[in-house]
Amino acid sequence: MRVTRLDLRNVRRFDEVSIRPASGLNVLTGGNGAGKSSVLEALHLMAYGRSFRGRVRDGLVRSGAPALEVFVEWREPVTGSDGSVVGGTERTRRAGLRHSGQDWDGRLDGQSIAQLGDLLSALAVVTFEPGSHALVAGSADIRRRYLDWGLFHVEQAFTPVWRRYARALRQRNALLKSRAGDAQLDAWDHELAQAGELLSGYRETFLARLEPGFRALTGELAPALGGTALEYSPGWRKHELPLADALLLARDRDRLAGFTSVGPHRADWRVGFASLPGREALSRGQTKLVALSALLAQADHLAAVRGCWPVVALDDLASELDRDHQERVIDRLLASGAQVWVTGTELPPALAAGDRGFSLFHVEHGRIEPR
Ligand SMILES: Nc1ncnc2c1ncn2[C@@H]1O[C@H](COP(=O)(O)OP(=O)(O)OP(=O)(O)O)[C@@H](O)[C@H]1O
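Residues numbered from 1 in each chain as written. Predicted model: local features only at pLDDT ≥ 70, side-chain atom pairs only at ≥ 80, totals over all residues.

- By the naming in an unreviewed UniProt entry, the protein is DNA replication and repair protein RecF, taken from Lysobacter arseniciresistens ZS79.
- UniProt, in its Subcellular location (unreviewed entry) section for the protein, records the words "Cytoplasm".
- Per its UniProt entry, the protein bears the Sequence similarities (unreviewed entry) comment "Belongs to the RecF family." (UniProt positions renumbered as here; feature names shortened; annotations may be inferred.)

If you want it as structure tokens, here you go:
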């Protein structure tokens, strides 16, 4: 996927700007607070429905404006019904989103959309930014979201199962809070267990598919860590009992607590290291490299399944990675054919020297100028 045009209106400090990126490497430079990250946030918004720095209502809308607007146009290969790329042909796609923080209005390829998910499944963006270390060191919900986002893009049957599970969980929690009787809980336990087993299976298989790529990436970017593995924790003792039994066993405790204590909504995954006891032993830089490896493994997998790379956004790259790692990551991405967006207060050292081609944009005073 290659973005050919990105328009922002009322996004953070921007009144109205438009950028026409190149198909390969795009570098946005500018002083602190110029708005470089905001451009990547707008791109991220179109793929996740939120910024990597929070939800739209957490300050993404320009102060005093009623809503932000983002419009993105991109090229992608034409795929058949089975997802395979059809004879090297490409098509242009367009998506627009107006979001007030409460209400939204979206269009995809000229049509209004009923569900935000329809818009988000169209453009795929993988973002590495200063908060990305949380994928390794942060809370489990960040790691679950990572798996679910990847599955959402590569497995059509996943989203209905995810919705089924979320609905059954809401219902069960409401019944637990109202101290409902066993008969009512039985029905929702059944639904929760069915959807939960499916959901768990999707995630476990997906993580196993990511593992070889992840291991290769950590071997390349952080060889000192030794071999790595991805280990899934389903959210209940899955190797001992089915989810239906785990829910029944937990029922009395859950009634007292007023929420469901077992199931895929409590799942997590972790990285195992051959030469380290665990993630606590990682340096901050190593934590970032492991998180970056997980993000790139996901992008790699998505490219293999969908026939094209997601757009890759690297926010403040030079302050996140040393020069050697910047070079390795950029060279790897350019070799893959991905469109890459990089921001920095200055041209990253890896690009200032060397002969890598890139398009440069300068961000200043609420404007974006090609250089
Ligand atoms: N809701 C808002 N309304 C108006 N201005 C905002 C809003 N939110 C943030 N800003 C301003 O927009 C800019 C956002 O900058 P952004 O984080 O994109 O900058 P940056 O170029 O990435 O900076 P840095 O190099 O410091 O990370 C800042 O100047 C900030 O004060």
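**Quick look at the overall build of the protein**
Phase 1: Summing up its helical and strand segments, the protein has 11 helices and 14 strands in all.
Phase 2: Its C-alpha atoms give the protein a radius of gyration of 22 Å, near enough to 21 Å, the size a compact globule of 371 residues would have.
Phase 3: Over its C-alpha atoms, taken along the principal directions, the protein stretches across nearly 70 × 50 × 45 Å.
Phase 4: Looking at the protein as a whole, 41% of its 371 residues qualify as buried. (Helix = DSSP H or I, 4+ residues; strand = E, 2+ residues; numbered from the N terminus. Rg over C-alpha atoms; globule rule 2.2 N^0.38 Å. Buried ≥ 20, exposed ≤ 12 C-beta atoms within 10 Å, placed from the backbone.)

**Notes on the sheet that holds strand β14 (residues 367-370)**
Phase 1: Here we have 6 strands laid out as an open sheet, ordered β8-β11-β12-β3-β13-β14, and mixed in their pairing. Across the chains shown, the open sheet's two edge strands, defined by having one partner strand only, are β8 (125-128) and β14. Within the sheet, the average angular offset between the axes of one strand and its neighbour, ignoring direction, is 20 degrees.
Phase 2: In this structure, strand β3 (residues 25-29) lies alongside strand β12 (residues 340-344), joined through 5 bridges in parallel fashion. Across the sheet, residue L25 finds its bridge partner in β12, namely V340.
Phase 3: Sitting on the sheet, helix α8 (residues 284-306) is in contact with β8 and β11 (311-314), with an inclination near 170 degrees to β8.
Phase 4: Against the sheet, helix α10 (residues 323-336) engages β3, β11 and β12, with an angle of about 155 degrees to β12. (Pairing = 2+ DSSP bridges. Axes fitted to C-alpha atoms, helices over the stretch in contact; angles between N-to-C directions. Contact = placed C-beta atoms within 7 Å.)

**Points about unusual backbone geometry**
Phase 1: Unlike most non-glycine residues, D109 shows phi in positive territory, near 50 degrees.
Phase 2: Position of D109 relative to the elements: it lies in the loop between β6 (104-108) and β7 (111-112).
Phase 3: With 11 C-beta atoms packed within 10 Å, D109 lands in the exposed category.
Phase 4: One non-glycine residue, H365, adopts positive backbone phi at about 50 degrees.
Phase 5: For H365, the position within the fold is in the loop between β13 (359-364) and β14.
Phase 6: H365 sits in the exposed class, given 10 other C-beta atoms within 10 Å.

**Quick word on the UniProt feature "binding site: ATP" (unreviewed entry) in the protein**
Phase 1: The sites that UniProt annotates as "binding site: ATP" (unreviewed entry) are G30, G31, N32, G33, A34, G35, K36 and S37.
Phase 2: You can see G30 is positioned in the loop between β3 and α1 (36-48).
Phase 3: Along the polypeptide, G33 turns up in the loop between β3 and α1.

**Details of the domain arrangement of the protein**
Phase 1: For the protein, the assigned domains are domain 1 (1-124 + 310-371) and domain 2 (140-306).
Phase 2: Taking the mean C-alpha position of each, domain 1 and domain 2 sit 28 Å from one another.
Phase 3: Facing 12 residues of domain 1, the contacting portion of domain 2 comprises 14 residues.
Phase 4: Per-element accounting of the side of domain 1 that touches domain 2 gives the leading share, 4 residues, to α10.
Phase 5: Tallied by class, residues from the side of domain 1 that touches domain 2 come to 5 nonpolar, 5 polar and 2 charged. (Domains from an automatic or database assignment. Nonpolar A, V, L, I, M, F, W, Y, C, P; charged D, E, K, R; others polar.)

**Quick word on the environment of S51**
Phase 1: You can see S51 is positioned in the loop between α1 and β4 (68-79).
Phase 2: Distance from S51 to L40, taken between C-alpha atoms, is 8.5 Å for residues 11 residues apart in sequence.

**Observations concerning the pairing of β14**
Phase 1: Sheet topology places β13 next to β14; 4 bridges connect them, and they run antiparallel. Directly across from V363, in β14, lies its bridge partner I368.
Phase 2: In this antiparallel pair of consecutive strands, β13 and β14, the connection spans 2 residues, and H365 shows a positive phi of 50 degrees.

**A word on the nonpolar core**
Phase 1: Counting residues in each nonpolar core, the largest one holds 99 residues, and the members touching the most others are L43, M46, V70, L123, V312, V340 and W341.
Phase 2: The element best represented in this core is helix α6 (residues 182-221), accounting for 11 residues.
Phase 3: Inspection of this core shows a minimum of three residues originating in each of domain 1 (1-124 + 310-371) and domain 2 (140-306).
Phase 4: If we skip the residues at most four places from it in the chain, M46 touches V70, V72, A95, L97 and L123. (Core = buried A, V, L, I, M, F, W, Y, C linked by C-beta atoms within 7 Å.)

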